[in-house]
Amino acid sequence: MSDSITTAPDGGRALNTALFAGVGLLLAMDVAGAFLSVSAGLNPTFLDALGPQARLSAPITMMIAMTVLVAGATRRRRAVAVPAAALLLVAGVLAFVSGFFDGGYAADLTAGQRVYQIALVSGHLGVSVLASFRLARLLRQRAKRL
């Protein structure tokens, strides 16, 4: 029996699919943003554009973490899904907050680059909201059983 999004017993398939789609969209935006950063001269190399000085993408470590966390958050096993959903929620918020501390929001960007940055950060916050819905659903299931 598969432990994937298609077997969510609680009717949460749509939410799980939305989480996967949200993270998938973020990954695509991160890669595209890295290419934009390099072509605009914001970063010298593609790997730099996916590192700590990324302006139009998340660092590659965050991308890997979000991929692992979404896989865990959409599992049927609560012991895996609850902490993964909670961490996915936190990761999205951290992606937003980190821009205040790493200089990302103070960077000299064109209007188009700034719009792209806002869209990317909004996407991270959107995934956090979806993760919070998933976490709430999982916690309600536990409360119903008690």
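Scroll up for the structure.
Since this is a predicted model, take the numbers as computed values, not measurements. Each chain has its residues counted from 1, following the order in which its sequence is written. Residue-level local features of this predicted model are given only where pLDDT is at least 70; pairs of side-chain atoms are given and counted only at 80 or more, and the full residue set underlies all totals for whole chains, interfaces and linings. Side-chain metrics rest on all non-hydrogen atoms present in the structure, leaving aside hydrogens and water.

Helix axes are fitted to C-alpha atoms over the stretch in contact, other axes to C-alpha atoms as well, and angles between N-to-C directions run from 0 to 180 degrees. Secondary structure elements follow DSSP: runs of H or I of four or more residues count as helices, runs of E of two or more count as strands, with numbering from the N terminus. In the contact formed by helix 1 (residues 13–39) and helix 3 (residues 60–73), the axes pass within 10 Å of each other and the chain directions differ by 170°. For the element pair helix 1 / helix 3, the angle class is roughly antiparallel. The interaxial crossing formed by helix 1 with helix 3 has left-handed handedness. Contact with helix 1, carried on its side by Leu19, Phe20, Val23, Leu26, Leu27, Asp30 and Val31, involves Met63, Met66, Thr67, Val70 and Ala71 of helix 3 and no other residues of that element. Considering only residue class, the contact of helix 1 with helix 3 consists of 10 nonpolar, 1 polar and 1 charged. When an angle is under 35 degrees it counts as roughly parallel; over 145 it counts as roughly antiparallel; between 65 and 115 it counts as roughly perpendicular; any other value is oblique. It is the rotation of the near helix from the far one that decides the hand of a crossing: anticlockwise by less than a right angle makes it left-handed, clockwise makes it right-handed. Residues are treated as being in contact if the distance between any of their heavy atoms lies within 4.5 Å. Gly is put with the polar residues, along with every residue not named as nonpolar or charged; the nonpolar set is Ala, Val, Leu, Ile, Met, Phe, Trp, Tyr, Cys and Pro, and the charged set is Asp, Glu, Lys and Arg.

Looking now at the nonpolar core. Throughout, nonpolar core names a set of buried Ala, Val, Leu, Ile, Met, Phe, Trp, Tyr and Cys residues whose side chains join them through atoms within 4.5 Å. Any residue under 20% of the maximum accessible area for its type is buried, any over 50% is exposed, and the rest in between are partly exposed; the area is computed with a 1.4 Å probe on protein chains only. Judged by nonpolar contacts, the single largest core of 30 residues is most densely connected at Leu19, Met62, Met66, Leu88 and Val127. Looking at this core, the elements that each hand over two or more residues are helix 1, helix 3, helix 4 (78–101) and helix 5 (111–145). Here this core gets 7 residues from one element, more than from any other, and that element is helix 4.

The subject of this paragraph is the packing of aromatic side chains. The criterion for an aromatic pair is that two Phe, Tyr or Trp rings (for Trp, the six-membered ring) have centres within 6.5 Å, with stacked assigned to planes under 30 degrees apart, edge-to-face to planes over 60 apart and tilted to the rest. Counted by the stated rule, this structure contains 4 aromatic pairs. Centroid distance Phe96 to Phe100: 5.4 Å. Interplanar angle 85°. Geometry classified as edge-to-face. One end of the pair, Phe96, and the other, Phe100, are both in helix 4, 4 residues apart, so they sit about a helical turn from each other. Residue classification places Phe96 among the partly exposed positions, given a relative accessible area of 29%. Ring geometry for Phe100 versus Tyr105: centroids 4.8 Å apart, planes at 75°, classification edge-to-face. Residue classification places Phe100 among the exposed positions, given a relative accessible area of 54%. Since its relative accessible area comes to 25%, Tyr105 is described here as partly exposed. What links up through ring pairs into an aromatic cluster is the set Phe96, Phe100 and Tyr105.

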